[in-house]
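# Secondary and tertiary structure notes
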Amino acid sequence: MERLKIAIQKSGRLSDKSVELFEKAGISASNNSSRLLLASASDFPIDILYLRDDDIPQCVADGVADAGIVGENVIWESGKQVETVEKLGFGKCRLSLAIPRDTTEYNGLQWFNGRKIATTYPVILRKVLNDNNIQADIHVISGSVEICPAIGLADAIFDIVSTGSTLLSNGLVEKEKMVYSEAVLIKNESLDAEKQQILDKLLFRIHAIKAAKSNKYILLNAPKKNLDNIIRLLPGMKSPSVLPLADSDWVSVHSVVQESEFWEIIDKLQAEGAQGILVVPIEKMIL
Ligand code: PRT
Ligand code: ZN
C-alpha cells in the first residue's frame, strides 16, 4: 500500500504544533528523538519528513514530499506552485512595514517612496510595493532585519510581526500591516488517487479536531417552565438532550455551543433561570 509523505518543520515555531496536530489525529509523529530526517507513523500510512521550513514548498512542488505544513509567507516567498488544502489556525503572524520610532514626518505608505527597506522577504515586499505604487530600494538580508535601521543599513524594515515586542525593543514602530499569514496544509498539485485518499482521511480527522476546538459541550439545569426558551438558545448538533431530574420541576439539558457565541448564550440562559451550568471541552467532533 502506498504511503503519503508529509514534510513538516524540523525545529522551529511550527514544529510542536504540527506534531501535536498529527497526534490529535491519532498519528504518532514525534518519534524523532534520533533526529531522523524521515519517520514512519506506525498507525497510519504516513511518513513524516522533517525539514527546514524554507525547503518545504519546493519539496512539495517537486513531489519529493506529497504534502506539507508550512507558513503561507514561506510559500509566497518561494513562488512555488503548490495547492493549499487547509488553513490550520496556528503560526499566525503578519508581515508589516516598520520604521524608527523617532521618525517625525511619517505620512502614510508614500513615506516609503525612495527609502531603503531591509527584509528577508524580497518577493512578498516587491509585490506589496508594486500593488501600492511605491518605488523603494529593497535590501535583502538573511536575518536580524530589525537591527538594520539602527546601524544605518536601511530606513525601514518589512518583517514578520506577532506580538510586536521585537520591534519595540529595537526602537521600531509597526506602521503598515500588509499581509496576514498562518500555517497551512499544502499538497502536490498532482497526487495519485491512492495518496489523495490518505490525505482525505487525514483531512477528515483535522476537520474533527478543528470543529472540537471551536465548540464546547454544555450541561445545565433548567426550570421546566422555561424549557422551550432554553432549547431555542441551544440548537446543538441536532437538538439538545433533555433528561429528567429527581425534582420534577427541573430538567438537565445537554448541548454543544460555539465558542464564539458562548458568553452571549450564557447570559441569556441565566436570564431564563438556568443553573449549575457546566462547560466541558470537546476532544473530537464528527459532524
Ligand atoms: O529553521 P527554519 O528555517 O525551519 O525556521 P525559521 O527560523 O525560518 O522559522 P521560524 O521557526 O522562526 O518560523 C516559522 C514560521 O512561523 C514563519 O515562517 C511564520 O509563518 C510563523 N511565525 C509566526 C513567525 C512568527 N510568528 C514570528 N513572530 N515567524 C517568525 N517570527 C519572528 C518575528 O520575525 C520576530 O523577529 O519572531 C520574532 C518575534 O516576534 P514578535 O513580534 O512576537 O516579537
Ligand atoms: Zn526558515
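For the structure, check the block above.
Below is a summary of the structure that appears in this document. Since the structure is predicted, the reported quantities are computational estimates derived from the model, not experimental observations.

### Digging into the overall build of the protein chain
- Looking only at helices and strands, one finds eight helices and 15 strands in the protein chain.
- Viewed in the frame of its principal axes, the protein chain has a C-alpha envelope of about 75 × 60 × 35 Å.
- Here the protein chain, with 287 residues, has 45% of them falling under the buried criterion.
- For the protein chain, the share of sequence-separated contacts (at least 6 apart) that also reach a separation of at least 24 residues comes to 69%.
- Of the roughly 15,300 Å² that the protein chain leaves accessible, carbon and sulfur atoms contribute 49%.

### Thoughts on helix α4 (residues 122-131)
- All of the buried residues in α4 are Ile124, Leu125, Val128 and Leu129. Looking straight down α4, one finds that the buried residues subtend no more than 130 degrees of arc, so they occupy a single side. For α4, the exposed residues set more than 90 degrees away from the buried face come down to Lys127 and Asp131.
- At the C-terminal side of α4, Asn133 shows a positive phi close to 55 degrees.

### Structural notes on the coordination of the zinc ion (ligand 2)
- Donor atoms from the polypeptide that coordinate the zinc ion (ligand 2) comprise Asp53 (OD) and Asp54 (OD), at 2.0 to 2.1 Å from the metal.
- Each of the four donor atoms bound to the zinc ion (ligand 2) contributes to angles spanning 75 to 174 degrees, and the resulting shape is irregular.
- By relative accessible area, which is 43% here, Asp54 ends up partly exposed.

### Quick notes on the sheet that holds strand β12 (residues 215-223)
- If you trace the four strands from one edge of the open sheet to the other, you get β13-β14-β12-β15, paired in antiparallel fashion. On the outer flanks of this sheet lie β13 (241-244) and β15 (275-281), each paired with one strand and no other. Averaged over all neighbouring strand pairs, the angle between strand axes comes to 20 degrees, with direction disregarded.
- Strands β12, β14 (250-258) and β15 of the sheet are contacted by helix α8 (residues 262-271), whose axis makes an angle of about 160 degrees with β15.

Each value, and the rule that gives it
Residues numbered from 1 in each chain as written. Chains lettered and ligands numbered in written order. Predicted model: local features only at pLDDT ≥ 70, side-chain atom pairs only at ≥ 80, totals over all residues. Heavy atoms only, no water. Helix = DSSP H or I, 4+ residues; strand = E, 2+ residues; numbered from the N terminus. Buried < 20%, exposed > 50% of the residue type's maximum accessible area, 1.4 Å probe, protein only. Contact = heavy atoms within 4.5 Å. Areas by Shrake-Rupley, 256 points an atom, 1.4 Å probe, with all protein chains shown as cover. Arc of directions from axis to C-beta. Donors = N, O, S within 2.8 Å, 3.2 Å for Na, K, Ca; no water. Tetrahedral: all angles 85-135°; square planar, octahedral: opposite > 155°, others 65-115°. Pairing = 2+ DSSP bridges. Axes fitted to C-alpha atoms, helices over the stretch in contact; angles between N-to-C directions.

Everything listed is a geometric property; what it means functionally is a separate question.
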